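A structural walkthrough
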Amino acid sequence: MTESEGYIGIKVNPDTKTRWQTAAEENPEYRSLTHLIAVAVEAELGEQPDTGGEVDVDMNGVHERLDSIRDEMREMGDTIDETYMLARNEEMADYTELKGLVQDLIPTGDREEILRRTPEKPPMETPEDELEDVVGRTGSASHLARILQNEGYTPIEIKGIIEQLADDVKGIEATFARPQEQSDKRIYRVEGYDG
């Protein structure tokens, strides 16, 4: 206790103390029994009328503020929805463009014939002007990835579009030329499907 604080002792019967203690603990407005007593004394000294717990409060200002907050939240929700739709439309445009590029580059033909064709050189050793020809003959996903990375697409986007096309488009397959090696992935359109 500091010098500026004073101590007042109050003696009450045990039932009163229990009742006050319970009231202080059950009401979040009070930090402790001492706080409850201090608030009650200050209220009495301020000559505030005892209203039996009911207080008349003008709620017009509160309602106006709540309406204002609700309107602001609706505006924020609309802005979030618009931003999401813009981002989604841009993402879908990129997806559609990438999907079109892949479909234009991959070969169409007999599965076994395409898988028999082997790129002459690895993608990093193949001259840029020959990459499209290699992809058009063999469907080499690694050569395709190099072309698309040169266009600014990331490896994860390229991998995702290859998997999506193989899952979503009838007649487009993505497989390994030699599955036992799990290398030399190919993507191609099987002859007889429009894609």
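Scroll up to find the structure.
Throughout what follows, the structure given in this document is the object of discussion. (Residues numbered from 1 in each chain as written. Predicted model: local features only at pLDDT ≥ 70, side-chain atom pairs only at ≥ 80, totals over all residues. Heavy atoms only, no water.)

Regarding the overall build of the protein chain
- Scanning the protein chain from terminus to terminus reveals seven helices and three strands.
- Along the chain direction, N to C, the helices and strands of the protein chain fall in the order α-α-α-β-α-α-α-α-β-β.
- Among the 195 residues that make up the protein chain, the fraction classed as buried is 23%.
- Considering only residue pairs separated by 6 or more positions, the protein chain has 46% of its internal contacts joining residues 24 or more positions apart.
- About 14700 Å² of surface is accessible on the protein chain, with carbon and sulfur atoms providing 50% of the total. (Helix = DSSP H or I, 4+ residues; strand = E, 2+ residues; numbered from the N terminus. Buried < 20%, exposed > 50% of the residue type's maximum accessible area, 1.4 Å probe, protein only. Contact = heavy atoms within 4.5 Å. Areas by Shrake-Rupley, 256 points an atom, 1.4 Å probe, with all protein chains shown as cover.)

A closer look at a nonpolar patch on the surface
- Among the surface-exposed residues, Val62, Leu66, Ile69, Met73, Met76 and Ile80 lie close enough to one another that they form a single nonpolar patch of about 560 Å² accessible area.
- With respect to the helices and strands, methionine 73 occurs in helix 3 (residues 60-105).
- A relative accessible area of 52% means that methionine 73 is categorised as exposed. (Patch = residues over 30% accessible without salt bridge, like charges linked within 9 Å, V, L, I, M, F, W, Y side chains within 5 Å. Salt bridge = Lys/Arg side-chain N within 4 Å of Asp/Glu carboxyl O.)

Focus: the nonpolar core
- Val102, Leu144, Leu148, Ile162, Leu165 and Ile187 are the most contacted members of the largest nonpolar core, which totals 19 residues.
- Only helix 3, helix 5 (128-138), helix 6 (141-150) and helix 7 (155-168) provide two or more residues apiece to this core.
- Counting residues per element, this core draws most heavily on helix 6, at five residues.
- With sequence-adjacent residues up to four places away left out, isoleucine 187 is seen in contact with Val102, Ile106, Pro107, Gly139, Leu144, Ile162, Leu165, Ile172, Glu173 and Ala174. (Core = buried A, V, L, I, M, F, W, Y, C linked by side-chain atoms within 4.5 Å.)

Quick look at the sheet that holds strand 1 (residues 108-109)
- The strand order across the open sheet formed by three strands is 1-3-2, and the pairing between neighbours is mixed. Since the sheet does not close on itself, it has two edges, and those belong to strand 1 and strand 2 (172-178), each with one partner.
- Where strand 1 meets strand 3 (residues 183-190), two bridges bridge the pair, whose relative direction is parallel. Its bridge partner lying in strand 3, glycine 109 is registered against valine 190. (Pairing = 2+ DSSP bridges.)

Notes on the pattern of salt bridges
- Applying the stated criterion to the full structure yields 10 salt bridges.
- Between lysine 159 and glutamate 163 there is a salt bridge whose closest N-O contact spans 3.1 Å. Placement of the pair is lysine 159 and glutamate 163 together in helix 7, with a separation of four residues, close to one helical turn.
- For lysine 159, a relative accessible area of 48% puts it in the partly exposed group.
- Each of Glu113, Arg116 and Arg117 takes part in salt bridges that share partners, so that together they form one network.

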